[in-house]
Amino acid sequence: MKPRSLVLAFALLAWPALAAEPVPGPDAAFTPPRAERFQLENGLSVLVVRRPALPLVTLALVVPGAGSAADPAGKGGLAAFTADLLDEGAGGRGALELAREIDGLGARVRIITDADSSVVLVTTLSSTLPRTTELLATLVTAPAFDDAEARRVRADRLTQAQLRRDRPQELAADLLDAALYGDRAPHGRPVAGDVTTIGKLTVADARAFFGRSWHPAGTTLVVAGDVEATRLRAAVAPLAAWKGQDQPPPAPVAPALATPPRLRLVHRPGAAQSDVALGVASLPREDPRFFAWEVVLNAYGGGFTGRLTQRLREQLGYLYHVYPELHLHAGGGRYSVLAPLFTPVTGEGMKEILALAADLGARPMSDAELRKAKQNLIRALPGRFEDNTATALAFAELVVGGLPDDWYARYAAAIAAVSAADAQEVAAQELADRLAFVVVGDLGKVRPQLRALELGAPQLFGLDGRRR
Amino acid sequence: MRWLSLALLLLASTGTAARAELLAPTEVFRLGNGLKVILHEDHATPKIAVVAYIAVGSRDEEPGRTGFAHLFEHLMFKGTPAIPDGRMDALLEEGGGFSTAFTSTDQTVYIEWATSSYLETALWIEGDRLTTLLAAFDDKKLANQRDVVRNERRQALDNRPYGEARKLLGEALWPAGHGYHWRTIGSHEDLVAASVDDVKRFFRKWYVPVNITIVVAGDFDRARARELVIEHLGTVPRAAGPERRQIPDPPPLAGPVRVDATDDVVVPRVHLAWRGPRFLAGDEAAVELGAMILGSGKASRLYERLVYRDRLAQDVSAYLSSGELGGELVAVATAKPGVPAARLEAAMLEEIARLSREPPSAEEVARVQNLREARFLSGLESVQDRAVQFAVYDRTAGDPAFASKDLARYRAVTAADVGRVVATWLAPERRVTLVISPEKGR
């Protein structure tokens with residue numbers, strides 16, 4: 001039955017401007033920030049984006065290839081484990097001494113690993129920048145890889161994996177990636193590894209992984225904040241001492257599965273809500289349809305006015321919020337949404353989710369909906385560069401994706417050029433009928449609700465993440 | 001000594017480098033209807049933000065209506081006669097922006113932002129809903145947002161492992177009837193009981209101009225902004241200021257309080273909590289820094305003892321959350337498998353006692369001062385975050401330009417101050433211990 005309510009739902013977006021509504025003037029011109037580039041003698045690239053508003057700086061040391069896609073077989077979690085060890089001792093300082101030093105600089109160090117890369121993300125005061133970059137250089141030039149620390153960190157990471165059953169949303173997300181890419185594929189395995197692999201990782205493994213995957217020649221340091229290029233050159237000079245092996249080959253990237261399992265279930269007795277993770281493989285940025293895809297995803301799940309929120313929350317009251325995420329890597333990516341649905345309406349909610357996706361592929365969006373999605377993407381762009389960390393990560397994404405530094409400068413025009421037909425076409429090809437779901441909830445109540453959804457035979461998993 | 005001089009140097013240079021104009025408003029005035037207006041001009045990004053701060057929070061709720069201030073906040077987004085339900089958000093998102101809000105024990109804050117050309121749109125929306133909200137209000141909207149809020153509660157509490165912790169701590173720290181006894185999200189029963197009449201009375205009592213501060217921040221022309229504010233907000237009808245219930249300081253806890261709960265979890269989690277100083281009170285900065293020394297990050301006392309050295313905890317943190325009536329000072333640790341909660345608690349108390357007996361080093365204090373300052377400045381990077389900060393300072397400190405004084409009071413804290421306040425405020429005999437343990441049979 002064609003849901004008539006969908007037509008009503010989006011009529012609101014098609015209201016003509018009402019009598020009292022002010023008419024905004026022309027948009028202010030906006031040019032995305034430009035990055036200056038230079039290279040150190042060891043091949044390390046430095047990208048600088050000057051933002052002098054506050055006396056703060058964010059540094060992102062981006063190491064493509066040092067991600068979990070490069071974990072050897074049977075050593076799932078090695079990339080993340082290696083990254084975790086880098087601030088547990090370096091340059092003759094132990095873990096706690098390093099932590100005190102970092103705090104004293106007003107700095108914060110996080111090392112983030114995903115399938116494609118590791119990033120050492122540092123935020124600091126601009127007054128302590130030279131000492132901070134010196135410390136960062138120490139982490140990569142003289143990591144301790146101490147055996148005792150490694151055992152401690154490994155034990156903590158193993159416990160974290162065991163406690164994942166108390167993090168059902170994370171479990172749902174992990175099982176979704178596994179569904180989309182394949183349970184053993186580079187992008188389908190959990191980044192942190194699992195309880196069968198973490199316990200076997202050794203400090204020698206980490207040292208070897210660091211040696212072959214962390215190297216200055218393929219690495220970019222993105223710096224955003226109260227900094228200018230001349231003084232920065234002096235500050236980053238200690239990083240030139242980082243010697244690495246020759247650049248390794250790029251990490252394997254297996255594409256998403258052509259026909260992923262569409263329904264995975266995990267029983268969590270008594271759950272008041274079902275933690276539902278849904279997603280599809282994403283087009284890569286290089287695809288000419290990418291901008292139409294961005295528009296579709298914005299209309300589907302973006303902001304508060306995306307279809308998912310308007311229908312599931314504002315009309316039906318089935319949930320509080322949805323949490324969309326687009327993760328891109330070379331050659332592809334994954335779009336996913338977390339939708340915590342009230343248990344008794346889990347099936348109904350999923351039916352709506354599917355119908356909204358199907359509709360985007362079946363009919364072109366109205367002018368009003370298309371305009372809203374496009375203008376949202378274009379006009380929200382300046383806000384992405386309002387804080388140092390978001391700016392640094394925006395450029396880090398380009399680095400990992402192998403895209404030119406001026407990609408954002410061309411973004412607005414590319415979005416503006418998207419037509420309703422473009423959007424419908426890419427939705428039909430990439431979204432409708434392709435969503436995969438993971439449901440972590442009280443299966444006694446929920447399973448009967450799912451029978452009518454025609455997602456094929458469900459795969460059952462335990463809270464430990466293992467197939468039943 | 002090297003650390004001390006370095007630390008002082010850092011703090012001094014940060015003081016001059018922090019751009020003074022970012023921490024202070026451009027203009028402050030009051031409209032004829034009593035509404036306070038703060039303008040903050042900043043052309044760094046082509047964006048504007050409009051913030052409306054209402055001096056009402058969950059502490060002002062009536063018995064049997066917990067969660068109401070927050071539920072009401074949701075209703076402010078459901079449209080007016082001139083702005084159909086959904087149109088407000090559609091407009092601002094088409095403008096590259098967003099519309100959101102938060103409710104706490106003491107305040108409700110609405111935050112809109114969008115591209116600069118949408119200044120008038122944002123002000124029109126704010127003025128219209130402050131004036132005409134009730135005319136388009138009905139039971140269907142209430143029923144819908146009640147469902148949404150109940151889902152919010154399920155997500156944050158009912159369905160989250162250890163999710164009941166803050167609720168149980170609040171109930172133990174503050175006596176029944178005290179505005180902080182219940183949590184802002186309220187209870188399912190009370191949310192179900194809320195009626196359309198309750199909504200109308202609440203709006204008429206609390207959402208009056210003299211109880212509101214508006215901040216307009218970002219890329220605008222000052223004169224034009226003033227004109228638009230007067231045009232769209234000046235017509236909100238003047239009304240008497242609400243009488244806020246006076247809540248006396250509760251008597252101190254008679255002795256340590258113990259609360260035990262279970263949940264579907266693998267390992268126990270131990271929470272130690274105390275009442276803390278009010279926001280901006282004399283001891284507040286020192287207590288907050290003390291909490292950071294105890295539990296903020298890998299260099300903290302509790303981390304070193306519980307996670308690193310003795311391997312008792314999987315994670316640990318400590319924080320102070322302060323409101324206008326008082327604060328909550330909490331240390332929380334998740335046990336490693338096989339570690340009994342009692343052992344974890346004993347170790348936590350030992351570390352706290354040690355900090356009470358021997359003041360921290362000057363270096364330790366300088367570290368957390370730097371850390372806090374960096375964190376504070378990071379929280380001001382976006383124009384909407386700054387707008388919220390000005391409103392909060394206006395209403396709580398009586399001075400929208402309080403930021404530089406706020407920074408100064410943290411810089412002024414000494415090691416002796418920290419030692420003294422830890423001994424005063426973290427007395428073991430006035431603590432609440434909450435242990436959430438795995439359900440039997442797990």
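Before reading on, note that the structure itself is shown above.
What you see is a predicted model; the values in this text were computed from it and never measured.

### A closer look at the environment of Val50(B)
All names here are of chain B.
Part 1: Residue position: Val-50 is located in strand 3 (residues 47–54).
Part 2: In sequence terms Val-50 and Gly-218 are 168 residues apart; their C-alpha atoms lie 9.0 Å from each other.
Part 3: Dropping the residues within four chain positions of it, Val-50 is found in contact with Tyr-110, Ile-111, Glu-112, Leu-119, Ala-122, Leu-123, Glu-126, Ile-214 and Val-215.

### As for the nonpolar core
Nonpolar side chains tend to gather and get buried jointly when the protein is soluble and globular.
Part 1: Grouped together as the largest cluster of nonpolar side chains are 72 residues, with contacts concentrated most on Tyr300(A), Met350(A), Leu435(A) and Phe437(A).
Part 2: With nine residues, helix 9 (residues 290–301) of chain A is the largest single contributor of residues to this core.
Part 3: When sequence neighbours within four positions are dropped, the list of residues in contact with Tyr300(A) reads Leu278(A), Gly306(A), Arg307(A), Leu308(A), Tyr335(A), Ile353(A), Leu356(A), Ala357(A), Leu360(A), Leu431(A) and Leu435(A).
Part 4: Phe29(B), Val56(B), Met76(B) and Tyr110(B) belong to the second-largest nonpolar core, a separate cluster that totals 55 residues.

### Brief notes about unusual backbone geometry
Residues and elements named next belong to chain B.
Part 1: The backbone of Leu-280 sits at a positive phi, close to 70°, despite the residue not being glycine.
Part 2: Inspection of the secondary structure puts Leu-280 in the loop between strand 8 (269–276) and helix 10 (284–295).
Part 3: Despite not being glycine, Arg-311 shows a phi value in the positive range, around 55°.
Part 4: Relative to the helices and strands, Arg-311 is located in the loop between helix 11 (301–309) and strand 9 (313–322).

### Focus: the packing of aromatic side chains
Part 1: One pass over the full model with this rule turns up 23 aromatic pairs over all chains.
Part 2: For the pair Phe291(A) and Tyr411(A), a centre-to-centre distance of 6.1 Å together with 65° between the ring planes defines the contact as edge-to-face. Of this pair, Phe291(A) sits in helix 9 while Tyr411(A) sits in helix 15 (residues 411–416), and the two are 120 residues apart along the sequence.
Part 3: For Tyr411(A), a relative accessible area of 6% gives the class buried.
Part 4: When the centroid spacing of 5.2 Å and the interplanar angle of 45° are considered together, the rings of Phe72(B) and Phe202(B) count as tilted. Separated by 130 residues along the polypeptide, Phe72(B) in helix 2 (residues 68–75) and Phe202(B) in helix 8 (residues 196–206) bring together distant segments of the chain. With respect to class, Phe72(B) is no different from Phe202(B); both count as buried.
Part 5: Each residue in the set Phe68(B), Phe72(B), Phe77(B), Tyr110(B), Phe202(B), Phe203(B), Trp206(B) and Tyr207(B) is aromatic and connected to the rest through ring pairs, giving one cluster.
Part 6: Directly above the aromatic system of Phe77(B) lies the positively charged group of Arg129(B), at a separation of 4.9 Å from the ring centroid.
Part 7: In this structure, Arg269(B) packs its charged tip against the face of Tyr162(B), placed 3.8 Å from the ring centre.

What counts, and at which threshold
Residues numbered from 1 in each chain as written. Chains lettered and ligands numbered in written order. Predicted model: local features only at pLDDT ≥ 70, side-chain atom pairs only at ≥ 80, totals over all residues. Heavy atoms only, no water. Helix = DSSP H or I, 4+ residues; strand = E, 2+ residues; numbered from the N terminus. Contact = heavy atoms within 4.5 Å. Core = buried A, V, L, I, M, F, W, Y, C linked by side-chain atoms within 4.5 Å. Buried < 20%, exposed > 50% of the residue type's maximum accessible area, 1.4 Å probe, protein only. Phe/Tyr/Trp six-rings, centres within 6.5 Å; stacked < 30°, edge-to-face > 60°. Lys NZ or Arg CZ within 6 Å of the ring centre and 35° of its normal.

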